[in-house]
Amino acid sequence: MSAVSQQRTAAVKSKLHSMPSHISSSGSGCSWMKNNSSIQDNIDGQERREGPLHSALPTTPAQVSSVKDLFEFICSGPLIDKVGLTSEKVAESIDKWVLCASQLCRLFQINDLYLTEPQKVRIYHYYIPVFLWCEEEIARHNSTFKEKDEIPPLVIGFSAPQGCGKTTLVFALDFLFRITGRKTATISIDDFYLTAENQAKLRESNPGNALLEFRGNAGSHDLSLSVETLTALSKLTKEGTKLKLPRYDKSAYNGRGDRADPSKWPEVEGPLTAVLFEGWMLGFKPVPVEVVKAVDPQLEIINNNLQAYYDSWDKFIKSWIVIKIQDPSCVYQWRLQAEIGMRADGKTGMSDEEVLDFVSRYLPAYKAYLPTLYSEGPNGSDPDHLLVVEIDEGRNPILGN
């Protein structure tokens, strides 16, 4: 680092030392936020989650080393190198980091003057680095067009298992884009589930296959609606252009679910900067038949169904974020936490046995497709536009491989 850079960094660190950046002694329990019902209502209004918001946030103290100031804490994050940042770049943009953190604290209704360690980890080691990576991806995308061209929004795909916090991450990113004057649309693969009537037909045409009995696996989505929606979103390049986004009502038919009435679909207006597209099986690609049969013979038809998903979903995605887990069994624990949280909030939740049955319908696909996703990347992805975030059981990013 040059002498000038050292002086700049020292000046920034000096500035930060004078700012309140406390860590409370409490790091256990639902340390992310208090009275989060209004936040949950906001997300529930978008038909995004199956459990309470705090189920995706730290519930135990994060294991971080003692930090003397915010600058050093940011630079110690596991994603800094992955997103192309250096200590110099962090120093130069420190005001932006502080502003983003302040806004996220407002969003999640937590005290930015007394952050717990898990809160600091989630904000400074996870959400803000991913946001800055997305900004860089958008800048690169826009640079490929000429000055007078209509620039379509960049579709960023988030492939991540259920319960790992992807919806909350997307919620935070969408908020940061909006407060910095950019419009984004958020969609989920859940939005493209078959109607209740068509799901029933799918179940009837595959008797005895538990993986297609309910919504979830490949084959239970309306792919034509996916193509129609993603194509229409790409055309929202001008002021005044609008589109209603499909949504799915998971509470319909006693939890079996059905597509929400179009009158309840949210409307987005152009020009869009980005489309944030999330899902547990985004980027999954078919594998040899013997591989799926070894996992679960019922997967064979799922594997065949996956053939159509690249053209319906993955080819629209130009930048990818893969949230990597070490053990798919984490999904069960996360789902169980979500249901316990729902019951604690006075809402109807699944029993432990029902949670086990629910998750068991997804685990075969995880076991069959996650190894290829992690070793080769999502279907059709460009390694230069791929960010892999490995998380631990507490949903915090780690260095990983």
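Along each chain, residue indices are assigned from 1 in the same order as the chain's sequence is written. In keeping with the predicted nature of the model, local features appear solely for residues at pLDDT of at least 70, side-chain atom pairs appear and are counted solely at 80 or more, and the whole-chain, interface and lining totals rest on all residues. The side-chain values count all of the structure's non-hydrogen atoms but skip hydrogen atoms and water molecules.

Caption draft 1: Focus on the overall build of the protein chain. In terms of helices and strands, the protein chain carries 15 helices and 11 strands. Throughout this description, buried means an accessible area under 20% of the type-specific maximum (1.4 Å probe, protein chains only), exposed means over 50%, and partly exposed covers the range between. Residues counted as buried form 52% of the 401 residues belonging to the protein chain. Contacts between residues were defined by any pair of non-hydrogen atoms, one from each residue, lying within 4.5 Å. Nonlocal contacts in the protein chain, meaning residues at least 24 apart in sequence, comprise 79% of its contacts between residues at least 6 apart. Carbon and sulfur atoms make up 50% of the accessible area of the protein chain, which totals about 17800 Å². Each helix is a run of H or I in the DSSP string that is no shorter than four residues. Each strand is a run of E no shorter than two, and both are numbered from the N terminus. Note that accessible areas follow from Shrake-Rupley with a 1.4 Å probe, and for residues the cover is restricted to the protein chains shown.

Caption draft 2: Highlighting the pairing of strand 9 (residues 274–279). The buried fraction of strand 9 amounts to 6 of the 6 residues, a majority that puts the element mostly inside the structure. Both faces of strand 9 are covered, namely the face carrying Ala 274, Leu 276 and Glu 278 and the face carrying Val 275, Phe 277 and Gly 279. For two strands to be treated as a pair, DSSP must find no fewer than two bridges joining them. The sheet contact formed by strand 3 (residues 154–159) and strand 9 spans 6 bridges and is parallel. Of the residues in strand 9, the one forming a bridge with Phe 158 is Glu 278. Where strand 4 (residues 184–188) and strand 9 come together, 5 bridges link them in parallel fashion. Note that in strand 9 the partner of Ile 187 across the bridge is Phe 277.

Caption draft 3: How the structure looks around the nonpolar core. In these notes, a set of buried Ala, Val, Leu, Ile, Met, Phe, Trp, Tyr and Cys residues joined through side-chain atoms within 4.5 Å is what counts as a nonpolar core. Counting 106 residues, the largest nonpolar core has Trp 97, Leu 104, Tyr 124, Leu 233, Phe 277, Phe 284 and Ile 321 as its most contacted members. When residues of this core are assigned to their parent elements, the largest contribution, 12 residues, is made by helix 6 (residues 117–143). Ignoring sequence-local partners within four residues, the contact set of Tyr 124 consists of Leu 70, Phe 73, Ile 74, Trp 97, Ala 101, Leu 115 and Pro 129.

Caption draft 4: Structural context of the sheet that holds strand 9. Strand order across the open sheet formed by 5 strands is 4-9-3-10-11, with parallel pairing between neighbours. Where the open sheet ends on each side, the last strands, each with one partner, are strand 4 and strand 11 (386–390). Ignoring strand direction, the axes of neighbouring strands in this sheet form an average angle of 15°. Lines fitted to C-alpha atoms define the axes, with helix axes restricted to the stretch in contact, and inter-axis angles between N-to-C directions lie between 0 and 180 degrees. Together, strand 3, strand 9, strand 10 (319–324) and strand 11 form the strand contacts of helix 6, whose direction differs from that of strand 10 by roughly 160°.

Caption draft 5: Local environment of the pattern of salt bridges. The salt bridge definition used is simple: a Lys or Arg side-chain nitrogen within 4 Å of an Asp or Glu carboxyl oxygen. Summed over the entire model, instances satisfying the criterion amount to 15 salt bridges. With a shortest N-O distance of 2.4 Å, Glu 135 and Lys 96 are connected by a salt bridge. Of this pair, Glu 135 sits in helix 6 while Lys 96 sits in helix 5 (residues 94–108); the two residues are 39 residues apart in sequence, bridging distant segments of the chain. Lys 96 gets classed as partly exposed once you look at its relative accessible area, which sits at 33%. Residues Glu 137 and Arg 140 are paired through a salt bridge, measuring 3.4 Å at the closest nitrogen-oxygen approach. One end of the pair, Glu 137, and the other, Arg 140, are both in helix 6, 3 residues apart, so they sit about a helical turn from each other. The structure contains a network of salt bridges with shared partners spanning Lys 96, Glu 135 and Arg 182.

Caption draft 6: Highlighting helix 8 (residues 196–205). Among all positions in helix 8, only Ala 196, Gln 199, Ala 200 and Leu 202 are buried. Buried residues in helix 8, looked at end-on, bunch into an arc of 160°, giving them a common side. Away from its buried face by more than 90 degrees, helix 8 exposes Glu 197 and Glu 204. Taken together, the buried residues of helix 8 touch strand 7 (258–259). Directions from the helix axis toward the C-beta atoms define the arc.

Caption draft 7: Examining the packing of aromatic side chains more closely. Here is the rule: rings of Phe, Tyr and Trp (six-membered ring for Trp) pair when centre to centre is within 6.5 Å. Planes less than 30 degrees apart are stacked, more than 60 are edge-to-face, and the remainder are tilted. According to the stated counting rule, one finds 14 aromatic pairs in the structure shown. Ring centres of Tyr 126 and Tyr 127 lie 5.4 Å apart, and the angle between their planes is 40°; on these two criteria the pair is classed as tilted. There is no split in this pair, since Tyr 126 and Tyr 127 are both buried. Here the aromatic rings of Tyr 193 and Tyr 248 are separated by 5.0 Å at their centres, their planes lie at 70°, and the arrangement is edge-to-face. Of this pair, Tyr 193 sits in the loop between strand 4 and helix 8 while Tyr 248 is found in strand 6 (residues 248–249), placing the two residues 55 residues apart along the sequence.

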